[in-house]
Structures are given as structure tokens and as C-alpha cells.
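Results of the structural survey
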Amino acid sequence: MTSRQVERRAERKLRDRKTSPSEKRKKDHHPRSIPALAKRHGVCVQTVYNEISRGNLEITKIGRVSRVTPEQEQAWLDRCRFGGRPQEQRSHA
């Protein structure tokens, strides 16, 4: 390896360290599949489908494929609290 290649590799490592995970997420503008959304948030795929059927999570259909845009994902997260349970469904005892 040449000295220039070593320098470039070191620069890339330093740049990658400076980029926080939240900044990496901000760059992601592509719709997610249902399984990818479930994996990202640590829930079962069926839980995501249940949220869709209850109307808590909106989806976008692309042909026959269901996708969740980052805006729809954020809106769902904003509505969820206490382990993913939507605020409006919480009981006030």
C-alpha cells in the first residue's frame, strides 16, 4: 500500500467517526419495507402490520409493495409512547 492510500484510509476512518448515527439516519430519504422498519425499531413484523391495520401507521403502496416513508415513520414514532403504544389508546385511570 502506498503512503497516499494509507492517508486516504485514515481520512475515511476519521470522517466516519465524526458522523453520528442520527446524522446517518437523516441522510436516509428512501421508503422502508415493512420488515426493515420492524428490524430498525426492534419489533416483530406482525406488530408493524397490526399498527397498519389499526390505522396508527400509514403506508405507501408502490405497485403491490408496501413501503413506509421517513415522514410516515416519524409521524408514527411521534404518536407512540410507552413501548410503541399510541398515546390516544392509553387508558387514563
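Scope of this entry: the structure provided in the associated data block.

**Observations concerning the side chain of Ser 66**
Among the secondary structure elements, Ser 66 is positioned in strand β3 (residues 65-68). We classify Ser 66 as buried; its relative accessible area is 18%. A distance of 3.3 Å separates the side chain of Ser 66 from the side chain of Lys 61, its partner in a polar contact. Setting aside its immediate chain neighbours within four residues, Ser 66 contacts Arg 32, Ser 33, Ile 34, Ile 59, Thr 60 and Lys 61.

**Brief notes about the pairing of β3**
What you see with β3 is a clean split: Ser 66 and Val 68 sit on the buried side and Val 65 and Arg 67 on the side with no burial. Pairing geometry for strand β1 (residues 32-33) and β3, over two bridges, is antiparallel. Bridged to Ser 33 within β3 is Arg 67. As defined by bridge partners, strand β2 (residues 60-62) adjoins β3 across three bridges and the pair is classed as antiparallel. Residue Ile 62 lies in a different strand from β3, and its bridge partner there is Val 65.

**Some points on the pattern of salt bridges**
Counted according to the given criterion, the structure contains three salt bridges. Between Glu 73 and Arg 40 there is a salt bridge, with its nearest N and O atoms 3.0 Å apart. Placement of the pair is Glu 73 in helix α5 (residues 70-79) and Arg 40 in helix α3 (residues 34-41), with a sequence separation of 33 residues. Arg 40 sits in the partly exposed class, given a relative accessible area of 35%.

Conventions and cut-offs
Residues numbered from 1 in each chain as written. Predicted model: local features only at pLDDT ≥ 70, side-chain atom pairs only at ≥ 80, totals over all residues. Heavy atoms only, no water. Helix = DSSP H or I, 4+ residues; strand = E, 2+ residues; numbered from the N terminus. Buried < 20%, exposed > 50% of the residue type's maximum accessible area, 1.4 Å probe, protein only. Polar contact = N/O pair within 3.5 Å; in protein donor to acceptor, adjacent residues only side chain to side chain. Contact = heavy atoms within 4.5 Å. Pairing = 2+ DSSP bridges. Salt bridge = Lys/Arg side-chain N within 4 Å of Asp/Glu carboxyl O.

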